[in-house]
Every structure is written in C-alpha cells, then in structure tokens.
Amino acid sequence: MAAVTANARGVVTDPAGVSPRDSRPPAPGAGGRSAESWKGHIIRELKHRDLSQHAMFQDLIRFYTQLLEKTSLTKGLLSSSARRPPAGSAPLSSLLQQSIQLKKTTGELAYQVVELQQQIKIKDSVLEEQHARLLQERRCLSRVSDAHQELRAQVEQVQGQNTALKVEYDALLERQRAAEAKLRQETVRGEELLAKVMKRKNQAAARMNSHNERRSRAREATLQAAARSKVNLDRSAVHPLSSTSPSSGFSNSSSAPSSRSTSPKNEKRDASMERKPMRLVRSASVTSPRILTSIKELFDRKRRGHSVCSQEEDLVSPVRICVSARVPARALQVLDAHEQDINAVRFSSSSDLLATGGTDKVIKLWEVRAGLLTHRGTLDGSTEGITCIEFDPMGFRILAASYSKAAMLWQLGDSVPKVTLTGHSRKVTAARFSSILHQVVTGSADGSIRLWDLRRAACLQSRNVAKYCSDLVCSENCIISGHYDGQIRVWDSRAASCVQVLPAQGKVTSLDLSSDHRQLLSCCRDDCLQLFDLRRWSNERVTFRADGFKCGSDSTKAVISPDCCYLAAGSADGAVYIWNVSTGKLETRLPDKHSSSISAVSWSLSGEYFVSVDKSKRAVLWSDM
C-alpha cells in the first residue's frame, strides 16, 4: 500500500503523465545539493511535458486527485481513531468497516492508477513512433524539397535552352523564307531561261528543217536533172544506131544509087555528122565511170555535223524470229546487280547482252554466256535514277529515260552519253526507238509525248495529254501510250493526232508490243494483265489474273514472250507469274528468289533466257535448263 501511495504521489507530482521510472529516488549517499538539482531538473522536465501534453491526461489527473483526497481522509480517520479510545464496540466496528471499505477503494484506485500508467506507457511508445515517423517524413520532405529545387533548376535551364532554340528556330525560319523566296525567283528565272532555250531550239530546229528541206529539194532537183540527162543520153545513143538497124537497111538499100551519086564532099560531111553523136555517147555514156561515181557520191553524201549516225547504224537490221520460247523453271544465277533499287531491264536483239538500270543513276551491261551473267561495263552520265532502257534494233546503241527529266543515248563502246534529250518538265518514264531511222519517242510524267531527231537532238513533235504517261511503245506509223487515267491512246506519228482510245481497268503501269506487232499487252494497278488484238483496233481484250498476283508499284513492267505464246510479270510478293496466252490460265509461278516487289522482267529474243529484277538490288537469271 505504501508503494502504491508513493507511485501515486509521483504521478501527482508529474501532472503530464510521466512514467514511474522518471521519479526514481536519488542514490543513497548523495548530497542535498545534488538532490535539489535533480529535483529541479525533474520539475523542469515535468513542466515542459505538462505544457506539451496537459490536454491528453486531464482525466487521469482528476482521478488521481480524487484518490489523494480519499487517501488523506482515510489517514485522518485512522489517526483520530488511534488517538481516541473506543467508546464502544459499535462505533469501532463501523470504523473498521469503513477502513476495510477504504482499503478496497484504495486498492481499486491503485489498480486504476496502474492501468492508467500502462496506458501512458503505450501512448508514450505510440508517441515515440509518431515522432520517429515525423522525423522520417521530415527527412523525406527535405529530400523531396532538394529534388524539387534541382528540378526547378533543370526546368529553368531547359527553359533557357528552349528560348535559345526558339531564337535559332526563328532565325532559321527567316533564312528558310528568304531561301524559298530566292528559290521561287530562281525557278521563275529558270523557267524563263528554259522557255528561251526551247524557243531558240525550236527556231534552230525550224531553220534546220528549212535547210534540210532546201537540201532535199536541191538533191531531188539534182537527181531529176541526172535522170533527164540519162534519158537524153539514152535517146541520143539510140538515134545514131537507128541508121544501121535492119529496118532502116531496106530504105538505105533502095536509095543506094542516089547515095552513091553524092559527092565526096557530102560524104565527108555525113560521116562527120555521124561521128559527132557517137562521140557524144562515148563521152557521156551511162556506163561511164564518172557518171556512176557522181551518182554514188550523191546517194552516199551525209551530213555529219551534229549527227551521231554511222554506217553501221544505217544498216538494215535483220529480222529475228523466235520459234518457241522456253518457259523458265529454275534460277540459273541470283546476284545483287546494283547498289540501290533496280527499275528497268532489257535484253539486246542478239540475246547475249543484258542491260539493267536503277536508282543508283547508272546502267550496267551484263554478258550472257553459258547461263551466267558477267559484268561487262557501266554507262554513266545520268544525274538521277533510270526508269526505262531500250536497245536499238542493231544492238549498237542504248536509249534510257531517267528521273532527271531527260532521255540519254549511249554508244556501246562509250560510257558517256552521246546525246541528251531535254525538254520535259517532269521525269521521263519511257523512251523507245521509233520505226523511222534516227528518231526516238519519249513519254513523261508531265503528260507529254515527244518525237525526237537524234541527228540534231531536236524535238520534232510534241503531244500533250495532261495525264501522267507511264509507258509507250512504237509500231509502224503509230505510237501507243498508257496513262494513269486508265486510258491507252493510239497516235498517228504522221499527223501527230490521237486516232483511238482504248479503255483499261485502272492505272496503266506498262505496255509491251509483241514481236509481230499484232498484240498489245498492258499491266494495270487493278492486278491484271490485258491483251489487245491490234489488227481489230477494238475495245475487246483478254484479261489475265491469278491468285496471289498483285501489281507492286505504279511502274511494274510486264512482257510478252518472243513467240507470243506467254505473258510474264512480277508480283509484289516477290514471285514471277507466267500465263499461257492460248489457254488464258497461269502456266507457272516462280517464287522464293526475290525478297521484295519485282519491278521489271525481260525475255531474251531467242526465248532461251528470262530475267527479273526487284526493289532490293537483286537480279535473277531464269531458264528451263
């Protein structure tokens, strides 16, 4: 009971709820001064805790104060009962009962005090945890604040950099605007210069045409004069001989007496008259070497100023006929022919030379021998990618179209273009040799079709359709062009007019003419091939399709076999599709050699080899061997 009272007093001394371990008595033997200092320290700590935690322990203080009051009252009663002797047994028993009751009450209060102390300990531990958490949160807040300051500094730095970049961007924008304005001015100036150049070229072409016309008229007049002189000479040669003919012999024999009676002087004059025309025949006979030489020189005379023609080119090309084309079955060789995409491929008329052209601005020549392609040479000179390749009928020259708005002509022995044909405003998509010697035809994305004279590098005719021209072919006295508006137009090269329009089933990507010039093949973007019969000139056509075949681009090329029995085209899935013309069904499909869309195919004129090229620099040589 005394221990409980001491603890209770200690709690009363600590109104803020100090735990009993903080009110331990001083060590024995310590001086009074140390005891006072210790007590003062305890009082200051308790006051501090009273100020900070007074509100939390109001109930405990009130209960503890009541307990002290009851304890003091109990002690007073016990002390008074001990001093006074008992007056009687009844009061003493009542006091004992009160004492027992007070002890019970004191015990209960002491138990409550212990429980409250336990609660105080729990609250102290919770408070310490909260203090620890608060300290941790403050540290975390400090770190977050530091990070926030760093981020603010970074934001300010980035804002400064953005401001500098904005200034640079504004400066670059101003420079770009100035450059665009200058570009527009230069473009207008270039167009004006081009117009002037074209005007001068047209004037020069007109002058050259008039000069050539005068020369041709003079030549015709010379030939006519030579023909007249020849006729006169023949007549003069026949006239003297008529006197010695059998028909005239009878008349001379009948007049023989009269002729004999003439004088010798008249005989000499007649003899001289007879000798004169005979001398004329001998000196100007049609068999005279001088006359033959002059006529030969007249026919062999050529203008060689700006001409790129040679005696070899003037030869008549032999007609090669393929009896039966081989259907390719396996790949003989696969190689990366160019550094970039390959757009065009073509065999020469002799079938032993192959030309490929691509986006890398060059044309490569390959010799075909024993089923292998061997690099023979490279043709340079184009400033942009190649779109189309064509060999001349003799195989001595190569004509190519390019993205540089021009077409170029090479001799096989020279890597530099001999002639460059300029005048289109957009890329040239097709270039073909005409049926007329020394003339070529070009088609462009600007919708125009132009006829050129290679000897003067001048444009003879220009036809403007205003529709993208994707490809063209040339036949006798006509030009056939395919366009993106789904129309195939037939032009009369003599009248420079469109004589017929054949509707296709979509964008026309390529055209090909059969070797006998009787059939026309068109490839369209609706994934089909169409075959027209040019002998009828009607809209009737045969359409060829196949499962899996898809036209890979706006410039995909399709061809007819040399024997006109098969059609071939490359698909977007990297496979080659070959159709049989007579059955209209797919003959074969050649997969697994190309990894990208096939752009062009070509069949050798001998029918022995077949080549396909794609957009991933690859060329494949096929055959049935």
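Keep in mind that this is a model prediction, so the values were computed, not measured.

**Brief notes about the overall build of the protein**
Helix and strand content of the protein: 8 helices and 28 strands. Within the protein, the proportion of its 625 residues that are buried is 37%. In the structure as shown, the protein presents an accessible area of about 36700 Å², 54% of it carried by carbon and sulfur atoms.

**Brief notes about the sheet that holds strand β13 (residues 458-464)**
Spatial strand order, β10-β11-β12-β13: 4 strands in an open sheet with antiparallel pairing. Each edge of the sheet is formed by a strand with only one pairing partner; in this case those strands are β10 (428-433) and β13. Neighbour to neighbour, the strand axes of the sheet diverge by 20° on average, direction disregarded. Bridge analysis of β10 against strand β11 (residues 439-444) gives 5 bridges, and the strand direction is antiparallel. In the sheet register, A431 faces β11, and the bridge partner there is T442.

**Observations regarding the sheet that holds strand β4 (residues 363-369)**
Strand order in this open sheet of 4 strands is β2-β3-β4-β5, and the pairing throughout is antiparallel. Every interior strand has two partners, whereas the edge strands, β2 (342-347) and β5 (372-379), have only one. Along the sheet, successive strands turn relative to each other by an average axial angle of 25°, direction set aside. Pairing of strand β3 (residues 353-358) with β4, which is carried by 5 bridges, proceeds in the antiparallel orientation. Looking across to β4, one finds that T356 is bridged to K364.

**Section: the UniProt feature "repeat: WD" (unreviewed entry) in the protein**
UniProt's entry tags residues 335-376, 421-462, 479-501 and 561-589 with the feature "repeat: WD" (unreviewed entry), counted in the numbering of this structure. Summarising residues 479-501: 0% helix, 70% strand, and an end-to-end C-alpha distance of 12 Å. Helix and strand shares over residues 561-589 are 0% and 48% respectively, and the end C-alpha atoms of the span are 15 Å apart.

**Some points on the pattern of salt bridges**
According to the stated counting rule, one finds 20 salt bridges in the structure shown. Residue R217 pairs with E213 through a salt bridge whose shortest N-O separation is 2.5 Å. Of the two residues, R217 and E213 both sit in helix α4 (residues 89-241), 4 residues apart, roughly one turn of that helix. Residue class for R217 comes out exposed when judged on its relative accessible area of 52%. In this structure, D533 engages R535 in a salt bridge whose closest nitrogen and oxygen atoms are separated by 3.1 Å. It is possible to trace a salt-bridge network through shared partners that takes in R346, E390, R432 and D471.

**As for the pairing of strand β28 (residues 618-623)**
With 5 of 6 residues buried, β28 lies mostly within the body of the structure. Looking at chain direction, strand β1 (residues 330-336) and β28 are connected through 6 bridges and run antiparallel. Bridging from a neighbouring strand, D336 pairs with R618 of β28. Bridge analysis of strand β27 (residues 610-614) against β28 gives 4 bridges, and the strand direction is antiparallel. Residue S612 lies in a different strand from β28, and its bridge partner there is V620. In this structure, the hairpin formed by β27 and β28 is closed by a connection of 3 residues, where K617 is found at a positive phi of approximately 75°.

Criteria and cut-off values
Residues numbered from 1 in each chain as written. Predicted model: local features only at pLDDT ≥ 70, side-chain atom pairs only at ≥ 80, totals over all residues. Heavy atoms only, no water. Helix = DSSP H or I, 4+ residues; strand = E, 2+ residues; numbered from the N terminus. Buried < 20%, exposed > 50% of the residue type's maximum accessible area, 1.4 Å probe, protein only. Areas by Shrake-Rupley, 256 points an atom, 1.4 Å probe, with all protein chains shown as cover. Pairing = 2+ DSSP bridges. Axes fitted to C-alpha atoms, helices over the stretch in contact; angles between N-to-C directions. UniProt positions renumbered as here; feature names shortened; annotations may be inferred. Salt bridge = Lys/Arg side-chain N within 4 Å of Asp/Glu carboxyl O.

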